[in-house]
Amino acid sequence: MIIVLKPQATEADAKEILNKIESVNLTPLYMPGTERIVLGALGDERVLNGLNIQAHPMVENVKPILSSYKQVSREMQSHDSQVSFGNTVIGGGNFTVIAGPCAVENREQIFQSAAIVKKYGAQGLRGGAFKPRTSPYSFQGLEEEGLKLLQEASKEYGLPCVTEIVDPNHVDMMEDYVDAFQVGARNMQNFKLLKAVGQSQKPTILKRGMSATIEELLLAAEYIYAEGNKNVVICERGIRTYEKATRNTLDLNAVAYIKTKSHLPVIVDPSHGTGIRELVAPMAKAAVACGADGVIVEAHYNPQIALSDGQQSLDENDFSKLMSELKPFIEAAGKRIA
Ligand code: PEP
Ligand code: MN
């Protein structure tokens with residue numbers, strides 16, 4: 001529930017109520033505003049109702065949070081969250097383009113790909129080092145060696161980098177190599193991983209599971225948030241439907257819907273969302289139009305030799321076209337390139 005205190009309430013009043021909340025093992029939240037102090041209490045509904053908080057003389061108003069996800073909901077925070085990503089910020093009127101290969105393959109490949117990403121004005125570099133592949137015989141990634149190469153390319157080109165984390169025990173090892181974690185579609189409900197990432201402060205891009213509902217996606221974000229990591233970015237990357245013409249069905253409804261229900265930034269992955277290179281630019285433009293805060297796209301200096309996802313990766317020419325075609329859409333949406 002959300003507890004709005006009267007304008008004359010003091011810090012001591014707030015503390016008294018927070019102690020009461022804590023004493024019954026509910027999670028207390030303190031949200032001082034410019035005009036009023038707002039408090040939160042999260043946990044078992046029956047215990048919440050038994051607290052009788054509204055009887056406190058300094059409480060003006062008590063509102064239940066109706067969404068199943070609490071802290072990431074707009075009910076809890078009406079203004080948009082912004083998430084720092086290296087030297088840039090995702091959300092808050094910025095449109096952020098993160099690009100790079102599906103996987104880090106070797107030094108030449110990540111450096112040449114990063115050079116293209118930088119040259120046409122993107123803000124971030126992606127590259128997988130631990131690849132959760134459908135087949136055990138497919139390229140599994142360079143692991144820690146891949147993280148080292150990604151970090152080197154990131155530093156060389158001044159592009160913050162993001163990579164997928166697949167193991168809760170990898171948080172400490174990976175933290176120093178990258179600017180953000182990505183939790184992939186296959187791990188969206190790996191609750192141990194969500195909690196581990198939540199206990200770090202690392203910005204985290206949470207991708208929608210291929211069969212996950214929007215509510216499940218937001219509850220997964222809540223897992224990270226509830227552990228204390230508020231630097232969460234949601235990523236719509238397509239869901240599995242009966243349609244076979246494209247790799248996935250990019251659910252842009254989800255972007256517009258999540259924007260109304262959650263304060264978290266939302267980005268779109270039109271590469272995995274379509275699986276087809278020619279569809280990446282049109283769907284990236286559609287992402288801007290429906291209110292996304294950015295896109296994450298696969299770009300490779302030579303997609304023909306890519307070890308994974310070459311069919312959906314943009315080459316230099318495609319990427320330069322994407323960036324110039326996106327510009328008027330970003331301006332029309334009232335956003336700026338981060
Ligand atoms: C990826 O970004 O390379 C990836 C594997 O994405 P997803 O988890 O969305 O399939
Ligand atoms: Mn990929």
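Keep in mind it's a predicted model, so treat the numbers as computed, not measured.

Q: It is not clear to me how the coordination of the manganese ion (ligand 2) should be interpreted in this structure. Could you clarify?
A: Each angle at a metal carrying four tetrahedral donors should ideally be 109.5 degrees, and each at a metal carrying six octahedral donors should ideally be 90 or 180 degrees. Here the manganese ion (ligand 2) is held by Cys102 (SG), His272 (NE2), Glu298 (OE) and Asp309 (OD), and the distances to it run 2.0 to 2.4 Å. Along the chain, the residues donating to the manganese ion (ligand 2) are arranged with the sequence spacing C-x169-H-x25-E-x10-D. Residue Glu298 is located in strand β14 (residues 294-298), and its partner Asp309 is located in the loop between β14 and α11 (316-332); the two are separated by 11 residues in the primary sequence. There is no split in this pair, since Glu298 and Asp309 are both buried.

Q: Please clarify how the nonpolar core should be interpreted in this entry.
A: One broad rule of soluble globular proteins: the nonpolar side chains tend to lie buried together. The biggest cluster of nonpolar side chains holds 67 residues, and the ones touching the most others in it are Leu125, Leu206, Ile234, Val295, Phe319 and Leu326. Broken down by element, the residue count for this core peaks at seven residues, all from helix α7 (residues 214-226). Apart from the residues within four sequence positions on either side, Ile234 is in contact with Leu206, Leu217, Leu218, Ala221, Ile258, Leu264, Pro265, Val266 and Ile267. The next biggest cluster of nonpolar side chains, apart from the first, holds 16 residues, and it includes Ala14, Ile37, Ile53 and Val59.

Q: Honestly, the pattern of salt bridges in this entry has me stumped. Any pointers?
A: Pairing of side chains with opposite charge becomes possible as their charged atoms draw close. Applying the stated criterion across every chain yields a total of 12 salt bridges. Taking the shortest distance from any N to any O, the salt bridge between Arg46 and Asp44 comes out at 2.8 Å. Arg46 gets classed as exposed once you look at its relative accessible area, which sits at 66%. By relative accessible area, which is 33% here, Asp44 ends up partly exposed. For Asp251, the salt bridge identified is with Arg208, shortest N-O distance 2.8 Å. Highlighted residues: Asp251 in the loop between β12 (232-236) and α8 (252-261) and Arg208 in the loop between β11 (204-207) and α7, separated in sequence by 43 residues.

Each value, and the rule that gives it
Residues numbered from 1 in each chain as written. Chains lettered and ligands numbered in written order. Predicted model: local features only at pLDDT ≥ 70, side-chain atom pairs only at ≥ 80, totals over all residues. Heavy atoms only, no water. Donors = N, O, S within 2.8 Å, 3.2 Å for Na, K, Ca; no water. Helix = DSSP H or I, 4+ residues; strand = E, 2+ residues; numbered from the N terminus. Buried < 20%, exposed > 50% of the residue type's maximum accessible area, 1.4 Å probe, protein only. Core = buried A, V, L, I, M, F, W, Y, C linked by side-chain atoms within 4.5 Å. Contact = heavy atoms within 4.5 Å. Salt bridge = Lys/Arg side-chain N within 4 Å of Asp/Glu carboxyl O.

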